[in-house]
Every structure is written in C-alpha cells, then in structure tokens.
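Okay, here's what each chain looks like letter by letter:
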Amino acid sequence: MSKPAETIPTSPKFQEGVHTDIEQPWLSRFHFLKEQGYLLRARYRPGWVPSWKATPDIFELQCEDGIHLQHKGLIDAQRISDGQYVMMKEVGSGSKEAQISSYLSSDDIKNEPRNHAVPLLDVLQDVVKPDTVLLVFPLLRHITDPAIASVSEALDLVDQTLEGLVFLHEHEVAHRDCAFGNIMMDGRALFQTPWHPQVPNFDLQNKTHKLVKSRTDVGGVPYYFTDFGLSTKGENQVTGLEGLEPAPELSDHVPYNPYKLDVYILGKMYHRKILDEFINANFLEPLVKRMTAENPEDRPSAAEAHAMFRDLRSTLNIGFFSQRLLKKEENMVSHVFEEIYYWLHVRWAQIGAKPALKPFR
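Residues numbered from 1 in each chain as written. Predicted model: local features only at pLDDT ≥ 70, side-chain atom pairs only at ≥ 80, totals over all residues. Heavy atoms only, no water.

(A) Local environment of the packing of aromatic side chains. In this structure the tally under the stated criterion is three aromatic pairs. Considering the side-chain rings of Phe191 and Trp195, the 5.5 Å spacing of their centres and the 55° angle between planes classify their relative orientation as tilted. Like Trp195, Phe191 is buried. Residues Phe283 and Phe320 carry aromatic rings whose centres are separated by 5.7 Å and whose planes lie at 85° to one another, so their mutual orientation is edge-to-face. Of this pair, Phe283 sits in the loop between helix H4 (258-275) and helix H5 (285-291) while Phe320 sits in the loop between helix H6 (302-314) and helix H7 (332-351), placing them 37 residues apart in sequence. Here Phe320 falls in the buried class, since its relative accessible area comes to 18%. Here Lys233 stacks its cationic end above the ring of Tyr103, 4.6 Å away from the centre of that ring. The ring of Phe180 has Lys273 sitting right over it, with the charged end atom 4.1 Å from the ring centre. (Phe/Tyr/Trp six-rings, centres within 6.5 Å; stacked < 30°, edge-to-face > 60°. Buried < 20%, exposed > 50% of the residue type's maximum accessible area, 1.4 Å probe, protein only. Helix = DSSP H or I, 4+ residues; strand = E, 2+ residues; numbered from the N terminus. Lys NZ or Arg CZ within 6 Å of the ring centre and 35° of its normal.)

Have a look at this one:
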C-alpha cells in the first residue's frame, strides 16, 4: 500500500496543444508517484521541453517524448528500485476490480502455478481523484505480437489459459470478459531491449525491434488474464450486456451463468486466433465447438474443457508438436521461406540454454 503523502511540490505544467486531456491528471500525480517509487516518462516531468521543437525537420511522433497516452486512466511508468516497467490503472477504491485483483494477488494464492491472473504489484491511494486507487501491474504484450509459430506454442497457449480459467472458477471468480485483448503475455524474453509501453512495435528510442525471438526460442512465455473490470466473485447468476465478445446469452434482464460465459468467450478466442488463421490446427475443432455452443447448458465447465483439451493433446503424435503452424493465406513461395526461417529458429533454440526470467514481484 502507499505511504502517507507529504507536501507535494508544484506539478509539471499542462502544455496546451502538446499534452492531451487524458494526460492532465497524471501530470498532477508526478511527484506523488515518484515518492512511491515510480517514475513517469519525460513528457510528464517538471521542466520538460518537447524535443522536436529544437529540431524543426522532425515530426512530433518521431520523438519518444512525442508519444502520448492511448487510453484514459492508464499510464506506463518505471519502478525506480529495479527499473521494471509497469502499467498503472485508476479504478474506484471500492470497485470489484480493485477487490478481485487484490484477492487474486493475495499471499495465499498469488504464487500458485495455476494462477494466471495478472500480478498486482502495488495499490496506491490516489491524491488527485477522491475514492480512487491506482492499481500497478507489470507491463505485458498482446498474445499475437509476435504470433504463435508452432503447434506446441498453440497447445501451450490453450493449456495455460484453460488452466488459468479453471483456477479462477475454483476460487469463484468469473472474468466475464476474457476475450482477446484481456489475455496477455509476459514477452520480456522475446526482445533484446524493452519495448515502448505505448507503441509496442518500437523500443524506448523509438526504433523498430530488429531481432524478435519466438516462444520456442525462449522455452515458452507465461500468459495472464487482465482487466477484471466486469468480473464477479461468488455469483452464479448475473445480468449485463458489457464485454468484448457478444455472447448469445448476454442480457440486462434475464440472468445467466457467468462461468459458462467465460468458457464461450475463451472458445471464441481460440477460434479466431488459432482455427481461423492456421490450416493445421483443426485438432482443436471438437473442443472449440463444445466451448462455443449457443446454449450455455451444452458447454463444458472450464475444468471439463481443460480435461477434454488434455485428452485431445494426448492423441497427437509427438512429432507433430514441433510442426510450424501453416497460415491459411500462404502461397508456395512464402511457404518455403517460412519453413526455412522457422526451422533455423528451432535449431538455434536447441543450441543455447535459455535462463528463465524471474516472475513478477
């Protein structure tokens, strides 16, 4: 939890036409966050002068300090003690998101191997908005950036996310929005240098990443459920239309089972990001068909879906695991190139040892 706030120095100035409206509250938090051990980027610091103004022949977005926030109530920062990059999110102090995120990172369960909820690193009582806290999470990446490349990588994605969903449901937590975008990965091992938190295709010097490793290269990556803004705990029947996935049962008036909703949403993600994109991933079709049944009663529970997945996986030939995932739009030329590139990556992964990264703390 945050330390008691002391007298706060003058905040960095809001620069009209340079800062955006959603950045203004974070300027007011700069000194407070620094006292708590977090440093914001240059554009939010006192005395900042836009670097592009000194060089008229470059554009604002060509400069690192020209990159502004993409989402309201969400900012990146660096933890001063160890340099780790984090994301901060403002939520209501009594919100379900704050309560459920704190519960899933509580001492009793935060180190459980099956717990794939994004770790909550810190909770800060806000000094700008009343009844607001700032949740501090590790910086993560979207699961398709870079894309999965092999059958084994697809299997690992499904295994980890189903395992994580089973864990949530065992603890009576229904995510209710576990669609693509709210399932992310710890991609630190895939990049030689950290990526820019607001523009992940660039590094912190605003340059594109030249060498990106595959999951196979680094021995796999952890996947996490994020954004518990719609989540509930201990509720077997809920109502509501919100969420990224328009599931058939969503209703403001007719209660539905949030746990079966989670199964549907996750199944739809597998369909769009694996089945729809790769021609040799059809082994997942029986599982996905069950998970995305129109009638919630016809869907398996998360535990049943996970057991079904493991049964399907056990029927696959071990040699199939290392096969490259074949994109549906590949032509003959791109197929040959992709095959050579992929197997060079696999060979390189076999040569060198890959030390595991420390978990988030």
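(B) Spotlight on helix H2 (residues 96-104). Those residues of H2 not exposed but buried are Glu97, Ala98, Ile100, Ser101 and Leu104. The inward-facing, buried residues of H2 contact strand S3 (85-92), strand S5 (132-138), helix H3 (151-170), strand S7 (173-174) and strand S10 (232-233). (Contact = heavy atoms within 4.5 Å.)

(C) Looking closely at the sheet that holds strand S6 (residues 141-142). With antiparallel pairing, the three strands of this open sheet are ordered in space as S6-S8-S9. Two strands close off the open sheet at either side, each with one partner strand: S6 and strand S9 (223-225). Here S6 pairs with strand S8 (residues 183-185) via two bridges, running antiparallel. Residue Arg141 lies in a different strand from S8, and its bridge partner there is Met185. Packing against the sheet, H3 makes contact with S8 and S9, and its axis sits at approximately 35° to S9. (Pairing = 2+ DSSP bridges. Axes fitted to C-alpha atoms, helices over the stretch in contact; angles between N-to-C directions.)

(D) Quick look at H4. Spanning 18 residues, H4 covers 24 Å between terminal C-alpha atoms, matching the ideal 26 Å at 1.5 Å per step. Of all 18 residues in H4, 14 are buried, a share of seventy percent or more. Measuring from the side-chain oxygen of the N-cap residue of H4 to the backbone nitrogen of Tyr259 gives 2.8 Å; that N-cap residue is Asn257. (Expected span 1.5 Å × (residues − 1). Polar contact = N/O pair within 3.5 Å; in protein donor to acceptor, adjacent residues only side chain to side chain.)

(E) Spatial organisation of the environment of Gln237. Turning to its location among the elements, Gln237 is positioned in the loop between S10 and strand S11 (238-240). Given the relative accessible area of 46%, Gln237 is considered partly exposed. Sequence separation between Gln237 and Pro258 is 21 residues; the distance between their C-alpha atoms is 6.5 Å.

(F) The pairing of S5, seen in detail. Within S5, seven of the seven residues are buried, which leaves it mostly tucked inside the rest of the structure. Of the two faces of S5, both are covered, the one formed by Thr132, Leu134, Val136 and Pro138 as well as the one formed by Val133, Leu135 and Phe137. Sheet topology places S3 next to S5; seven bridges connect them, and they run antiparallel. The residue of S5 that forms the bridge with Glu90 is Leu134. A loop of six residues connects strand S4 (residues 122-125) with S5, the two strands running antiparallel in sequence, and Asp131 in this loop sits at a positive phi of about 55°.

(G) Representation of the side chain of Ser105 in the model. Take Ser105: it is sitting in the loop between H2 and S4. In this view, Ser105 contacts Lys110, Val118, Pro119 and Leu120; residues no more than four positions away in its chain are not counted.

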